Amino acid sequence: MYLVLELLPPADCKILVEALGESARFEDGRRTAGWRARAAKRNEQAADDVTSRGIVRKIEQALAGNAVFRAAAQPKAVIRLLLSRYREGMAYGTHLDDAVIDGQRVDLSVTLFLSEPESYDGGELVIEGNDGERAFKLEPGRLVLYPTTELHRVEPVTRGERLAAVGWIRSRIRDPLRRELLFDLETALAELRRERPEGAGLDRLAKVQGNLLRLWVED
Ligand SMILES: O=C(O)CCC(=O)C(=O)O
Ligand SMILES: [Fe+2]
């Protein structure tokens, strides 16, 4: 399941982009790539300093506070979050993200778009599913959540600069079908609580939800 959600207001992204432009130091992105991805990777990443750490913390807080993200990802941990920059001529060819990062299994990948899409050409995130490709180039503050099991690439940037945050998530629900089922259940329950709070069956559905979690959660 792919999901696009609004994580940050565009105005907040503008401030982050300005902070990154003014005080962040970027280094060669190949440092953090696995051996196969290394050959395909041509980008830069913000060095670990006060500015980038503050931005990463802000994004982590936004993820933790977003109910749609929590329902879709069932996050156990945000294993790593990086700020990346693609300037003219940079790209990330087809690759698979690492299955294990810092000793933790990775289930889901995210890209949070930070730059205005009109400010650069190219730079689409393309997910190469067996059933076809999907390209994403989103407004600042939008996040795409996708399974780490998929090959993907970032198209060459041919004008301007693409800033994004990319992250890797360990889910407490390993099986994508179970995760999707829990997402549908939570979404339906939220709708019912809003539209028909007195409706019969709500308690029973909430019981099903709780007990499915009990069956499936890895803690
Ligand atoms: O920047 C993106 O949208 C994705 C980058 C990517 O695939 C990666 O860093 O592994
Ligand atoms: Fe990737």
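As annotated in an unreviewed UniProt entry, the protein chain carries the name PKHD-type hydroxylase and is attributed to Tistlia consotensis USBA 355.

## Here's the deal with the site of ligand 1
Lining the immediate environment of ligand 1, one finds Tyr86, Tyr92, His95, Asp97, Thr111, Leu125, His152, Val154, Arg162, Val166 and Trp168. Residue aspartate 97 places a side-chain N or O atom 3.0 Å away from an oxygen atom belonging to ligand 1. Here an oxygen atom of ligand 1 and a side-chain polar atom of histidine 152 are 2.9 Å apart. Secondary-structure elements contributing two or more residues to the shell around ligand 1 are β6 (91-95), β14 (151-154) and β16 (162-171). Considering every element that reaches the shell around ligand 1, the biggest residue donor is β16, with three residues. Looking at side-chain class alone, the shell around ligand 1 contains six nonpolar, three polar and two charged residues.

## With respect to the nonpolar core
With 31 residues, the main nonpolar core has Leu7, Leu20, Ile59, Phe69, Leu143 and Leu145 as its most contacted residues. Among the secondary structure elements, those contributing two or more residues to this core are β1 (3-6), α1 (10-23), α3 (50-64), α4 (67-73), β5 (75-86), β9 (108-113), β13 (142-147) and β16. In terms of residue count, the dominant contributor to this core is α3 (five residues). Ignoring sequence-local partners within four residues, the contact set of isoleucine 59 consists of Leu7, Leu8, Leu81, Leu83, Leu112 and Ala165. Counting 17 residues, the second-largest nonpolar core is a separate cluster that includes Met90, Phe113, Leu125 and Leu138.

## What about α1?
The periodicity of an α-helix, 3.6 residues per turn, causes residues three or four positions apart to be oriented the same way. Over its 14 residues, α1 extends 20 Å from the first C-alpha to the last, a length consistent with the 20 Å expected when each residue adds 1.5 Å. Here α1 has its buried residues at Cys13, Leu16 and Leu20. Each buried residue of α1 sits inside an arc of 60° when the element is viewed along its axis, so together they form one side. Among the exposed residues of α1, those pointing more than 90 degrees away from its buried face are Lys14, Ile15, Gly21 and Glu22. Buried positions along α1 lie against β2 (26-28), β4 (44-46), α3, β5, β9 and β16.

## Examining the coordination of the iron ion (ligand 2)
Around a metal, the ideal angle is 109.5 degrees if four donors adopt a tetrahedral arrangement and 90 or 180 degrees if six donors adopt an octahedral arrangement. For the iron ion (ligand 2), every protein donor is listed as His95 (NE2), Asp97 (OD) and His152 (NE2), and the spread of their distances is 2.1 Å. Donor residues for the iron ion (ligand 2) sit on one chain with the sequence pattern H-x1-D-x54-H. Here histidine 95, found in strand β6, pairs with histidine 152, found in strand β14; they are 57 residues apart in sequence, far enough to count as distant. Comparing histidine 95 with histidine 152, the two get one shared label, buried.

## Let's talk about the domain arrangement of the protein chain
For the protein chain, the assigned domains read domain 1 (3-171) and domain 2 (176-216). Just the C-alpha atoms count here: the centres of domain 1 and domain 2 sit 30 Å apart. Taken together, the contact between domain 1 and domain 2 spans nine residues of the former and five residues of the latter. For the pairing of domain 1 and domain 2, the buried interface totals around 510 Å² over both sides, and the portion due to carbon and sulfur atoms is 68%.

## A look at the UniProt feature "domain: Fe2OG dioxygenase" (unreviewed entry) in the protein chain
Here the UniProt-annotated "domain: Fe2OG dioxygenase" (unreviewed entry) positions come out as residues 75-171. Taken end to end, residues 75-171 is 0% helix and 64% strand, and its two terminal C-alpha atoms sit 4 Å from one another.

## Re the packing of aromatic side chains
By the definition in use, this model includes one aromatic pair. Centre to centre, the rings of tyrosine 2 and phenylalanine 136 are 6.5 Å apart; their planes meet at 35°, and the pair counts as tilted. Linking tyrosine 2 in the segment before β1 with phenylalanine 136 in strand β12 (residues 132-136), this pair joins segments that are 134 residues apart in sequence. Across the pair, phenylalanine 136 and tyrosine 2 agree in class, each one buried. The positively charged end of lysine 137 is found above the aromatic ring belonging to tyrosine 120, 4.2 Å away from the centroid. Over the face of the ring belonging to tyrosine 86 we find arginine 162, whose NZ or CZ atom lies 5.1 Å from the ring centre.

## Let's talk about the pairing of β1
Residues Leu3 and Leu5 of β1 are buried on one face, while the alternating residues Val4 and Glu6, pointing to the opposite face, are not. Here four bridges tie β1 to β13, and the two strands are oriented antiparallel to one another. Residue pairing in the sheet places glutamate 6 in a bridge with arginine 142 of β13.

Calculation criteria
Residues numbered from 1 in each chain as written. Chains lettered and ligands numbered in written order. Predicted model: local features only at pLDDT ≥ 70, side-chain atom pairs only at ≥ 80, totals over all residues. Heavy atoms only, no water. Near = heavy atom within 4 Å. Polar contact = N/O pair within 3.5 Å; in protein donor to acceptor, adjacent residues only side chain to side chain. Helix = DSSP H or I, 4+ residues; strand = E, 2+ residues; numbered from the N terminus. Nonpolar A, V, L, I, M, F, W, Y, C, P; charged D, E, K, R; others polar. Core = buried A, V, L, I, M, F, W, Y, C linked by side-chain atoms within 4.5 Å. Buried < 20%, exposed > 50% of the residue type's maximum accessible area, 1.4 Å probe, protein only. Contact = heavy atoms within 4.5 Å. Expected span 1.5 Å × (residues − 1). Arc of directions from axis to C-beta. Donors = N, O, S within 2.8 Å, 3.2 Å for Na, K, Ca; no water. Domains from an automatic or database assignment. Buried area = accessible area lost by both parts, 1.4 Å probe. UniProt positions renumbered as here; feature names shortened; annotations may be inferred. Phe/Tyr/Trp six-rings, centres within 6.5 Å; stacked < 30°, edge-to-face > 60°. Lys NZ or Arg CZ within 6 Å of the ring centre and 35° of its normal. Pairing = 2+ DSSP bridges.

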